[in-house]
Amino acid sequence: MDSTLTDDHSSTGPHGRDFGSAADSVRGSCFGALAPSERKTEGTDIRRRNNVTVTGRKDGPVLLLAHGFGCDQNMWRLVVPMLAEDFHVVLFDYVGSGHSDPSAWSEQRYSSLGGYALDVLEICEELDLREVTFVGHSVSAVVGVLAAAEAPQRFSRLVMVAPSPCYIDEDGYRGGFSADDIDELLESLESNYLGWSAAMAPGIMGNADQPELGKELTASFCATDPDMARVFARTTFLSDSREDLKTVAVPTLVLDCKQDVIAPREVGAFVHAAIPGSRLVTLEATGHCPQLSAPQATAEAIADFMQVAR
């Protein structure tokens, strides 16, 4: 297997939830800020709204794969054939991404990570998914944390691929960016989204020896509606969900890469340390999208974790 496995985190920690905790207050604000009108309305076709795709074994354990900012479910295409042999694989696009229904987009709803978590919960309800292993890439790793805390009866495991609960360096925490870096990034994105995409995507992808991957990520970014992308970007890069990690009470795999300009290894180590009993795997991969640059190692790490977690 093309990865290095660390030992399980030694801290055992409680698996119950303290619903009066600061973390719960943070989570509550993510969902509570959404007015009733921002939630699902009667008659909403969730499968069409989120371009839901189902493949793999009908009787297999459920894997729900969630993409990150600027992407869509196509980012998983290289790992899906391997996972589909043993698992019931569900893919989707967040509203505002890919082939989702753009008429369902709301700036208020998707200005909070809670809005994206609601997409996840509504898909789970629509398909009646239970014992779900949520596989979230990048910011979606945190979306999975929020969704699992809100509806714990739906989720049995989390897989966090290149996660980052906070992108800004602060008092001993290394997120990878200074506050000025993020301000500059967002200003550039808002003033010229297509130019920003062309400049940023190859660096985010890494793997200069495979330029086609950088071109693919650039095309994915550029295919996203600029106004919707600006909202998702601000929601992503200004988020701070470090306290929410304390709510995780299911077996969790943290996957990071040996080199990642968006989520450096210090971030993976922080997430691992913050989630009692989590497992950390560092893939022999570079860049922020190992499901594209190292699909076999990524799929094997997920499958191995599913065997261990059973």
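Quick note: structure is the one above.
Attention in this report is confined to the structure presented alongside it. As the structure is a computational prediction, the values presented were derived from the model and not from experiment.

1. Focus: the overall build of the chain
Turning to step 1, where the next piece is worked out: Check the secondary structure of the chain and you find 12 helices and eight strands.
Turning to step 2, where the next piece is worked out: Across the 310 residues of the chain, 55% fall into the buried class.
Turning to step 3, where the next piece is worked out: Sequence separation of 24 or more characterises 79% of the internal contacts of the chain that already satisfy a separation of 6 or more.
Turning to step 4, where the next piece is worked out: Put simply, the chain shows about 12,800 Å² of open surface, and 49% of that area lies on carbon and sulfur atoms.

2. Observations concerning helix α4 (residues 113–127)
Turning to step 1, where the next piece is worked out: Taking 1.5 Å per residue, 15 residues should reach 21 Å; α4 reaches 22 Å between its end C-alpha atoms and fits that length.
Turning to step 2, where the next piece is worked out: Of all 15 residues that make up α4, 13 are buried, and the element is covered over most of its length.
Turning to step 3, where the next piece is worked out: If you check the start of α4, you find a side-chain oxygen 3.0 Å away from the backbone N of G114, and it comes from S112.
Turning to step 4, where the next piece is worked out: Taken from the residues just after α4, D128 is the one with a positive phi, measuring 50°.

3. Examining the pairing of strand β5 (residues 132–137)
Turning to step 1, where the next piece is worked out: Where burial is concerned, most of β5 is hidden: six out of the six residues are buried.
Turning to step 2, where the next piece is worked out: Burial along β5 is two-sided: V132, F134 and G136 facing one way and T133, V135 and H137 facing the other are all buried.
Turning to step 3, where the next piece is worked out: Each parallel crossover has a hand, and for β5 linked through helix α5 (residues 139–150) to strand β6 (residues 155–161) it is right-handed.

Reading guide: rules and limits
- Residues numbered from 1 in each chain as written.
- Predicted model: local features only at pLDDT ≥ 70, side-chain atom pairs only at ≥ 80, totals over all residues.
- Heavy atoms only, no water.
- Helix = DSSP H or I, 4+ residues; strand = E, 2+ residues; numbered from the N terminus.
- Buried < 20%, exposed > 50% of the residue type's maximum accessible area, 1.4 Å probe, protein only.
- Contact = heavy atoms within 4.5 Å.
- Areas by Shrake-Rupley, 256 points an atom, 1.4 Å probe, with all protein chains shown as cover.
- Expected span 1.5 Å × (residues − 1).
- Polar contact = N/O pair within 3.5 Å; in protein donor to acceptor, adjacent residues only side chain to side chain.
- Right-handed = clockwise from strand over helix to strand, strands pointing away.

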